[in-house]
Amino acid sequence: MENKWFLSMVRDDFKGGKINLEKAQKLLEKLDIRCNTIHVKCIFKDNDRLKQGRITIEEFRTIYRIIAHREEIIEIFNAYSENRKILFERNLIDFLTQEQYSLDINRSIVYEIIQKYEPIEEVKQAHQMSFEGFTRYMGSSECLLFNNECGSVYQDMTHPLSDYFISSSHNTYLISDQIMGPSDLWGYVSALVKGCRCLEIDCWDGSQNEPVVYHGYTLTSKLLFKTVIQAIHKYAFITSDYPVVLSLENHCSPSQQEVMADNLQSVFGDALLSDVLDDCPDRLPSPEALKFKILVRNKKIGTLKETHERKGFDKHGQVQECEEEEEAEQEEEENEVRDSEILDILQDDLEKEELKRGVGIKFFKKKKITKVKIATALSDLVIYTKVEKFRSFHYSRLYQQFNETNSIGETQARKLSKLRASEFILHTRKFITRIYPKATRADSSNFNPQEFWNIGCQMVALNFQTPGLPMDLQNGKFLENGNSGYILKPHFLRDGKSIFNPNKAPINSNPITLTIRLISGIQLPPSYHSSSNKADTLVIIEIFGVPNDQMKQQTRVIKKNAFSPRWNETFTFIIQVPELALIRFVVENQGLITGNEFLGQYTLPVLCMNKGYRRVPLFSKMGESLEPASLFIYVWYIR
């Protein structure tokens, strides 16, 4: 039966005799078999017996079977087929319920699967599935590791903005380093296409009264502010309907700030949020309430009530001043942590102590006060995302307003997260907090964002242009909730009564025991150093989450095989806080002298994994799909 079907599909292509490599590849595509060109080329060469670059129909059948008839899939098929030739509907139901943990499977669902994947017409008509259909089903998107339910917006989007992790980028206009690299609109376009919801725009005075965007005091090229926001307007809501925050690093004079305000209003129109929502005058609104809205994040002078009262009035030429503390010198950030700790410890008894001792308390850093001028027109466009300097957790508890957001550098944030995690979480429950890379990262490198998600920081800003582990984690985390750029934080990072501390063993956690059997690799990318399709392949499985959950395990090395390595190794992970955990699969080529060579990776939230036999798609360092390269695994977990 399968022979008859196969011959009917390929016979016409061999009417002229033998076929070459190009025609063989096209024929494989016609048979719905996805192939990596390098692998096909090597297998073609191995099976071209006369070495003339042309093969017979029998040689093509051999090539087809090598690529399409994987042993590990045959074993699964035979376990459920009563005659090793056909799966009846009842066999497929057994497989889907027992192995794939599919709930509510019935004959109509199985019938649809057969109709979709079975290529042999008479088998399809009999409501059965051949091995050809089964292998196509197992290679389909329905058998991917990522749970499709997480691939749409499924979370409650009516909580206040502070209850969400928000996909955020740093220096969005750069596409390489921060010293001489080009500024490019592509930085904004690609970030938005990836689902980013907070973009950074560094604004400086330009010629002819036109503000420009670039990395100040460097040789990076310049973009017109107007052109940047036109690009943002075009791409803002292609991937996600939820609000976009424009985080302005504003160095412009008041006159050019007015130009920025005019540009923002003329380009975005009604999409620009310029007043409080009627039902949210004194609290943060939800992503749902702000759908298709643009929010401006900048310094603001005066209250939201005053802004509302000025609505509709001409603000041209109106400038307001505020005082701002500035570091006398750019000292190490740990002093800032030390100051804020002392402030917090002593604040409650500060007045008593001063009265007792008759002197003020002197802190470590000298501050100088500078006057900052802000155009009223721009200030009034800042509603729910006002920038406010972070002083200390105690100060924020006493004085910070619901619409004020903080930016904290990674070094200071890291120290606070280790020393004051519980207070940090209390802070992020109420206030949107943005973490940004330290200034010494001139090469646009990134920090590990996980440690700041662990304490509830909403805007963990990364250099999207820089590939590597941090961006893999970023992309993996925000796969969830439909790649909308907003992920509802776990209840213990939102609940005021929670005593969660990522640095301590959890008290009321709901851990999972995760077991992964890594079965095989499917057409893995060969080594860049190999002239054929070879690599000494190994797989590393890593868990990222709270410190106690971080772990890494790896397989043995399979020598000289990137096409179909088989490991059949089982790994178990006990994950205490699965709500924050990500899992990353990394495929490497073992290198004894220069270190291992990265071949591909895939990262996703632990709780977004399907159970059963699953395919793990692989992505390049730059985040591009390497299909059909993938891993074949079996996943099982209990809570």
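Just so you know, these numbers come straight off a predicted model, no measurement behind them.

Digging into the packing of helix α1 (residues 2–10) against helix α4 (residues 57–68)
Relative orientation of the contacting elements α1 and α4 amounts to 115°, with a least axis distance of 12 Å. Relative to α4, α1 is oriented roughly perpendicular. You can see that α1 and α4 cross each other, and the crossing is right-handed. Residues N3, W5, F6, L7 and V10 of α1 touch α4, and the partners they reach there are I57, F60, R61, Y64 and R65. Of the residues that constitute the contact of α1 with α4, the class distribution is seven nonpolar, one polar and two charged.

Overview of the pairing of strand β5 (residues 198–204)
For β5, the buried fraction is high: seven of the seven residues fall into the buried class. Residue alternation in β5 divides its side chains into two sets, C198, E200, D202 and W204 and L199, I201 and C203, and both sets are buried. As defined by bridge partners, β5 adjoins strand β8 (residues 244–250) across six bridges and the pair is classed as parallel. Among the inter-strand pairings, D202 is bridged to a residue of β8, identified as E249. Looking at chain direction, β5 and strand β6 (residues 212–213) are connected through two bridges and run antiparallel. Paired with W204 across the two strands is V212, which belongs to β6.

Observations concerning the domain arrangement of the protein chain
How big an interface is tends to be stated in terms of the accessible area lost upon association of its parts. For the protein chain, the assigned domains are domain 1 (1–68), domain 2 (73–143), domain 3 (161–305 + 368–493) and domain 4 (512–638). The straight-line distance from the C-alpha centre of domain 1 to that of domain 3 is 53 Å.

Things to note about the side chain of S444
For S444, the position within the fold is in the loop between β14 (433–436) and α20 (450–453). The buried category is assigned to S444, whose relative accessible area is 0%. Setting aside residues no more than four positions away along its own chain, S444 makes contact with S176, D177, Q178, N463, Q465 and T466.

So, the UniProt feature "domain: PI-PLC Y-box" (unreviewed entry) in the protein chain
In the numbering used here, UniProt assigns the "domain: PI-PLC Y-box" (unreviewed entry) feature to residues 378–494. Within residues 378–494, the helical portion is 36% and the strand portion 16%, while the C-alpha atoms at the span's ends are 32 Å from each other.

A word on the packing of aromatic side chains
Scanning all chains against the criterion turns up 23 aromatic pairs. Joined through ring pairs, the aromatic side chains of F77, Y80, F95, F131, F134, Y613, F632 and Y634 make up one cluster. For the cation-ring pair, R70 lies above F632, with the distance from its terminal atom to the ring centre recorded as 5.3 Å.

Quick look at the UniProt feature "domain: C2" (unreviewed entry) in the protein chain
Per the UniProt record, "domain: C2" (unreviewed entry) is annotated on residues 494–620. From the first C-alpha to the last, residues 494–620 spans 35 Å; its make-up is 0% helix and 46% strand.

Considerations on the packing of helix α11 (residues 225–235) against helix α12 (residues 254–268)
Running from N to C, α11 and α12 cross one another at 25°; their axes reach a closest spacing of 10 Å. For the element pair α11 / α12, the angle class is roughly parallel. In the crossing of α11 with α12, the sense of the turn from one axis to the other is right-handed. On α12, the residues that touch F225, K226, I229, Q230, I232 and H233 of α11 are M260, N263, L264, V267 and F268.

Focus: the nonpolar core
Grouped together as the largest cluster of nonpolar side chains are 63 residues, with contacts concentrated most on I201, I232, L246 and L264. In terms of residue count, α12 provides more of this core than any other element does, five residues in total. Residues from two domains meet in this core; each of domain 3 (161–305 + 368–493) and domain 4 (512–638) gives at least three. With residues up to four places along the chain from it excluded, the contact list for I201 reads Y188, V213, F225, V228, I229, I232, L246, S247, L248 and E249. If you look at the next biggest cluster of nonpolar residues, it comprises 35 residues, including L524, A535, F571 and L604.

So, how was this worked out
- Residues numbered from 1 in each chain as written.
- Predicted model: local features only at pLDDT ≥ 70, side-chain atom pairs only at ≥ 80, totals over all residues.
- Heavy atoms only, no water.
- Axes fitted to C-alpha atoms, helices over the stretch in contact; angles between N-to-C directions.
- Helix = DSSP H or I, 4+ residues; strand = E, 2+ residues; numbered from the N terminus.
- Parallel < 35°, antiparallel > 145°, perpendicular 65-115°, else oblique.
- Left-handed = near helix turned anticlockwise from the far one by under 90°.
- Contact = heavy atoms within 4.5 Å.
- Nonpolar A, V, L, I, M, F, W, Y, C, P; charged D, E, K, R; others polar.
- Buried < 20%, exposed > 50% of the residue type's maximum accessible area, 1.4 Å probe, protein only.
- Pairing = 2+ DSSP bridges.
- Domains from an automatic or database assignment.
- UniProt positions renumbered as here; feature names shortened; annotations may be inferred.
- Phe/Tyr/Trp six-rings, centres within 6.5 Å; stacked < 30°, edge-to-face > 60°.
- Lys NZ or Arg CZ within 6 Å of the ring centre and 35° of its normal.
- Core = buried A, V, L, I, M, F, W, Y, C linked by side-chain atoms within 4.5 Å.

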